[in-house]
Structures are given as structure tokens and as C-alpha cells.
Amino acid sequence: MYTLPALDYDYDAFGTYISKDIMELHHSKHHQTYVDKLNAALEQAPELQSKKLEELLRNVDSLPENVRTAIRNHGGGHYNHSLFWKFMSPDGGVEPKGALADALNSKYGDFQGFMDAFSTAATGVFGSGWAWLQPDMSIVTTPNQDSPLNSGAPEPLLGLDVWEHAYYLDYTYKRPDYIKAWWHVVNWHEAQRRFEQQP
Ligand code: MN
């Protein structure tokens, strides 16, 4: 059985960048629902319960048809949000350092160049979805609760939830304002750790 992961910080950790109300609803309601519906789907397919979630998401097309969509959406939702909470920190917002900074600079010219490209990609997601930074420094987007795993790509270094539920209470329809605020809370330590520990 999957469970809702505890956050490493309080719901009010991000001040006005992302409000306590959004954090609480997003974690305790939206993410909890993905967990509950993933567990419900796996009750219909007990043979999948011993598999790692990443493995299920990498092989979504070969899952039994009766649970395929539920695992794609709710398993994806659980995977994506579990990462997303780690991608933010009250100590965030500083620029990346070390090998990750070098890799970003070499691909995007400088850190601002990366932020601009990522913000443009995230802003351009039609409807609900995510923007991701991959270990090869590419920026990709996915619809709904898909992640790079669905297309066989490696696990992301960083990702941004651009579903309206992630920002509407604070920013209404102004997704670019939410993205601008999010840069202040990005946990670059986590992205660096993932970049340096990739297989
Ligand atoms: Mn979300």
C-alpha cells in the first residue's frame, strides 16, 4: 500500500510564493487522492503490488487494461508529487552549483538562459501537465500526470507542476506569475544530488 509522504517542511514554508492554503490542499487532498486511487487500482491487480512504481510507469502500455489508465494517472500523480515536494525547500531559490551549474551553463549560456527556457516550456503546457529538467539538460513537458518515465526517459532532476490546482488560489489564471514565484523556492541541492548520483 502506498502512503502520502510527509513533507520536509511546514505548509506555510513558502510564504507568499506558494500559500499555506495551496500547499495544504495540494498535499493533503490532491496528492492523497492519487495515493488512494493508486491503491484502489492495485487491489484490482494484486500481481502488480510487488513491482516498483517506477517500473509500472515505464511499462504503462503493457499493464492490464482494467488498471492501465488508473495506474498511469494516479500512479503518475503519486510519483510526480512525491518528487515535486522534494524539488522545493524553504532554503531554496539559490542558484545551482558545481557540475550541474556547469552543465546548465554549457547548454543554456547561463543560469538565466536556462530559467527562461524552462519558464517558456512550463508556460506553454496546454491544459494540465508538468515541465521537467532531464539529466541530459533537455527540458521536456508531459500532459496530465505523465512523467519522462512514460516514454522510457531517465528520472528527472527537477519538475514543475503546472496544473491549475497548483496555483489557482494564489495566482488565478496567471501561470507565468506562479512560475516566477516558484524559482524562489526551488531546491537546487536536490537537483544537484540527483545529477551527481545518476547511474
Ligand atoms: Mn499537483
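Residues numbered from 1 in each chain as written. Predicted model: local features only at pLDDT ≥ 70, side-chain atom pairs only at ≥ 80, totals over all residues. Heavy atoms only, no water.

Undergrad: Describe helix α4 (residues 98-108), and please don't skip the residues or the numbers.
TA: The periodicity of an α-helix, 3.6 residues per turn, causes residues three or four places apart in sequence to face the same way. Buried within α4 we find L100, A101, A103, L104 and Y108. Buried residues of α4, seen end-on, are gathered within an arc of 165 degrees and therefore sit on one face of the element. Those residues of α4 that are exposed and angled more than 90 degrees off the buried face are D102 and S106. Turning to α4, the residues buried within the fold contact α5 (111-123), β1 (129-133), β2 (139-143) and α8 (188-196). At the C-terminal side of α4, G109 shows a positive phi close to 90 degrees. (Buried < 20%, exposed > 50% of the residue type's maximum accessible area, 1.4 Å probe, protein only. Helix = DSSP H or I, 4+ residues; strand = E, 2+ residues; numbered from the N terminus. Arc of directions from axis to C-beta. Contact = heavy atoms within 4.5 Å.)

Undergrad: Any chance you could break down the domain arrangement of the protein for me, citing the residues and the numbers?
TA: Partitioning the protein into structural domains gives domain 1 (20-86) and domain 2 (98-196). Computed from C-alpha coordinates alone, the two centres of domain 1 and domain 2 are separated by 20 Å. Counting from both sides, the interface comprises 20 residues of domain 1 and, opposite them, 26 residues of domain 2. It is I22, R58 and F84 that lose the most area in domain 1 upon contact with domain 2, and together they represent 32% of the buried surface on that side. Inspection of the domain 1/domain 2 interface yields 1 salt bridge. (Domains from an automatic or database assignment. Buried area = accessible area lost by both parts, 1.4 Å probe. Salt bridge = Lys/Arg side-chain N within 4 Å of Asp/Glu carboxyl O.)

Undergrad: Please give an account of the sheet that holds β2 that cites residues and values.
TA: The strand order across the open sheet built from 3 strands is β2-β1-β3, with neighbouring strands paired in antiparallel fashion. The open sheet terminates on both sides in strands that have one partner only, identified here as β2 and β3 (158-161). If you compare each strand with its neighbour and ignore which way they point, the axes differ by 20 degrees on average. In this sheet, β2 lies alongside β1 in antiparallel orientation, the contact comprising 5 bridges. In the strand pairing of β2, W130 is matched with T142. (Pairing = 2+ DSSP bridges. Axes fitted to C-alpha atoms, helices over the stretch in contact; angles between N-to-C directions.)

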